[in-house]
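Given next are the chains, with one letter for each unit.
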Amino acid sequence: MTKGGTATMAEPAHDPVLAGILGQTLVLTLNTPGKRNVLSPEMYRRLTELLGQARTNPDVAVIVVQGADGFFCAGGDLRALSERAALPVSQREERIEELHRVVRLLRAFPKPVIAAIEGGAAGAGASLAFAADMIVAAEDSYFALSYVKAGLVPDGGATGFLSRALPPQLAAEMALLGERMPAGRLAALGVVNRLAPAGGALDMALDMAAGMARGARQAQTEILALLDAPDRAGFDAQLDREKPAMARALGSAEAAAGIGAFKEKRVPAFPVPTSSDPQRRAAVETDATRMFGVRLPIVAGGLMWLADADYVAAAAKAGIMGFITAASFAEPEALRAEIRRCRDMVGDLPFGVNISMLPKLVEGDRIRQVFELAAEEGVSFVETSGRSPEDYLAITRAAGIKVLHKVSSLRHAVKAQSIGVDAVSIVGAECGGHPGVEMIGSMVNAGLAASRLTIPWLIGGGIGAGAQVAAVLAMGGAGVVIGTRFLVADEIRAHSAYKQALIDATERDTAVGMHTVRNTVRALANDTMRELRQIEAERPDVGIQDLLPLVSGKIARRAYETGDISRGVLSAGQSLGAITETAPLAEIVRELEEGMVAALRRAGGLLAAAAA
Ligand SMILES: Cc1cc2nc3c(=O)[nH]c(=O)nc-3n(C[C@H](O)[C@H](O)[C@H](O)COP(=O)(O)O)c2cc1C
């Protein structure tokens, strides 16, 4: 290899990363011929492989990263990006994670890494350059966070890096305008270490590298770890914030307009935001809002017969996470159609499928079929309940589906964590539906969860006011799951007499039954529940078969249709006390949000008052 030229190529010319050793410097050359070295999964894989080898190779002291043919890297391939827009959000995130893995590797690399920039470093190409320890740039080169011009947001850690390295106004200028920032301007601010004459960046980087290769290499490794340490957690967290933001942006109408215009080399005409767009900005950030990509840390749990596409689409549009209840559909194809109907209504807003595995609701192979159907339909999230989803996690993992498993006791939450679900929701004794046989209260569950769980956890059962959401967050929870409070939403397809009965009821008007068959249920106190309790009191050894004529879900379905609420187990929890009227779901959610924000402020104010 000659100094100033491209590294000697051991590999064929189309290798996405060319590797050559000069002295003790490994030169990695990004190489996508004719396309300004745009990034690709193959490039990430090759970089990962080469960095892995270099890490333990004693003959490599320093790494220099450059681009082939006089240009560092133009970032993501727009064609690939527009194809990616069609993928479910979770798969978009996986692609972004491929870049993030390389960035993390570079940041944590135990030997010095220098980026040698000729031409330009744009988009994720700039992120890659910023991930190096030092930057040498040709004086006519530039850096550009061009994402915004295509309706996208930066990934690869650029926002984290720039907000630390640059005055805030300049970081904002780069990220918001997306224009070319001359290397000279960044050099004046210390972001670029050295300016080289045009065409001379590699030579200068190699000189720096040779100096370090002759130096105290063990000390360099120690220093790199020390320099990285204070910043590490913050940088990782920023990558985790960028990932869902970029994944969402990729599927947006703005990105469609922006990428299209970019490809055709014309000025994009971005759509004017509609009222649903602000719904995407998180009101608070928790593991749940990040995981689901929703505005609020609220899950609308599955509702047998009631959580259909209309309700779940309303949830998505209101900025919360909703789940179409699979068990409501006798035929798989009907569920498939419902998922598609929902997607048509929400576009790329997130939603999921509830898979209840209570033996009588969905049986045996049918459950597997539902998981497979969810995977085929590109569903990103499932809410499981009733029993362990362990047998089906291979399907969800392969499809990139995140699993929120609902349990009625902390004991089961710990078990669910051990089998690898992504998050748990723990419903307490107050909840509508199945509060579990142990009937532990929600406040107790919330108080104990943080010390027993490391995965994100949500609390359900009796949540009907925003202040309760704030309380769960204050206790370390990632969010809440709600059923009862939403039953009076306009989008719930049920008879007005049923909704009126819920409005009339108070927190004292529920009853608990089926304890004797260890399938405890909390429901609206009505004739059926009174009869059920009487039978159970008189015959503690009664079997489920004897109770079925009373408790069959079909009777509840009829009640929703006819408004005759005297018959059927009509699941409802103690948050009935918080219900005063019917309203669009968005309105109920808005009220919850206001209550949550007010409570969080109140709590913050208590601290401020004490500190004053
Ligand atoms: C009418 C109704 C039907 C429900 N159906 C289901 C269901 O099919 N699957 C499920 O996992 N949870 C179901 N649930 C439980 C809810 O998803 C949620 O966990 C619970 O309602 C939270 O407690 P809350 O009612 O106090 O808000 C149901 C709850 C209600 C009120």
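A quick note: this is a predicted structure, and the numbers were derived from the prediction, not measured. (Residues numbered from 1 in each chain as written. Predicted model: local features only at pLDDT ≥ 70, side-chain atom pairs only at ≥ 80, totals over all residues. Heavy atoms only, no water.)

Undergrad: Would you mind going over the packing of helix α3 (residues 89–107) against helix α9 (residues 217–250) in detail, with residue names and values included?
TA: Helix packing geometry: the angle between the two helix axes and the distance between the axes. The interhelical angle for the contact between α3 and α9, taken along N-to-C directions, is 155 degrees, at an axis separation of 9 Å. Put simply, α3 runs roughly antiparallel to α9. Here α3 and α9 pass one another in a crossing that is right-handed. In the contact of α3 with α9, the residues fall into nine nonpolar, one polar and 12 charged. (Axes fitted to C-alpha atoms, helices over the stretch in contact; angles between N-to-C directions. Helix = DSSP H or I, 4+ residues; strand = E, 2+ residues; numbered from the N terminus. Parallel < 35°, antiparallel > 145°, perpendicular 65-115°, else oblique. Left-handed = near helix turned anticlockwise from the far one by under 90°. Nonpolar A, V, L, I, M, F, W, Y, C, P; charged D, E, K, R; others polar.)

Undergrad: Would you mind going over a nonpolar patch on the surface in detail, with residue names and values included?
TA: Among the surface-exposed residues, I440, V444 and L448 lie close enough to one another that they form a single nonpolar patch of about 200 Å² accessible area. Mapping I440 onto the fold places it in the loop between β15 (423–427) and α17 (442–452). (Patch = residues over 30% accessible without salt bridge, like charges linked within 9 Å, V, L, I, M, F, W, Y side chains within 5 Å. Areas by Shrake-Rupley, 256 points an atom, 1.4 Å probe, with all protein chains shown as cover. Salt bridge = Lys/Arg side-chain N within 4 Å of Asp/Glu carboxyl O.)

Undergrad: Residue-level account of the pattern of salt bridges, with values.
TA: For the coordinates displayed, the defined rule picks out 33 salt bridges. With its nearest N and O atoms 3.7 Å apart, the salt bridge here joins R45 to E42. Here E42 and R45 lie together in helix α1 (residues 41–56), a separation of three residues that amounts to about one turn. Through salt bridges with shared partners, a single network forms among E97, R104, D236, D240 and K243.

Undergrad: Lay out the sheet that holds strand β12 (residues 352–356) with the relevant residues and their values.
TA: A barrel is described by the order of its strands in space; here eight strands give the closed sequence β10-β11-β12-β13-β14-β15-β16-β17, paired in parallel fashion. Going across the sheet, the axis of each strand differs from the next one's by a mean of 25 degrees, ignoring polarity. Bridge count for strand β14 (residues 402–407) against β15 is four bridges, and the pairing is parallel. Directly across from K406, in β15, lies its bridge partner S425. Its contacts with the sheet put helix α18 (residues 466–474) on β10 (298–300), β16 (457–460) and β17 (479–482), and the angle it makes with β17 is roughly 135 degrees. (Pairing = 2+ DSSP bridges. Contact = heavy atoms within 4.5 Å.)

Undergrad: How would you explain the side chain of S385 if you had to name every residue and give the values?
TA: Note on placement: S385 falls in strand β13 (residues 381–385). When sequence neighbours within four positions are dropped, the list of residues in contact with S385 reads N354, I355, S356, M357, L358, H405 and K406.

Undergrad: Could you give an account of the domain arrangement of the chain, naming the residues involved and the relevant values?
TA: Taken domain by domain, the chain comprises domain 1 (17–250) and domain 2 (287–599). Computed from C-alpha atoms alone, the centre-to-centre distance between domain 1 and domain 2 is 45 Å. Counting from both sides, the interface comprises nine residues of domain 1 and, opposite them, seven residues of domain 2. When the two sides are added together, the surface that domain 1 and domain 2 hide from each other amounts to roughly 660 Å², 46% of it contributed by carbon and sulfur. Looking at the side of domain 1 facing domain 2, the largest losses of area belong to P88, S90 and R248, adding up to 45% of the total buried there. Remark: the boundary between domain 1 and domain 2 carries zero salt bridges. (Domains from an automatic or database assignment. Buried area = accessible area lost by both parts, 1.4 Å probe.)

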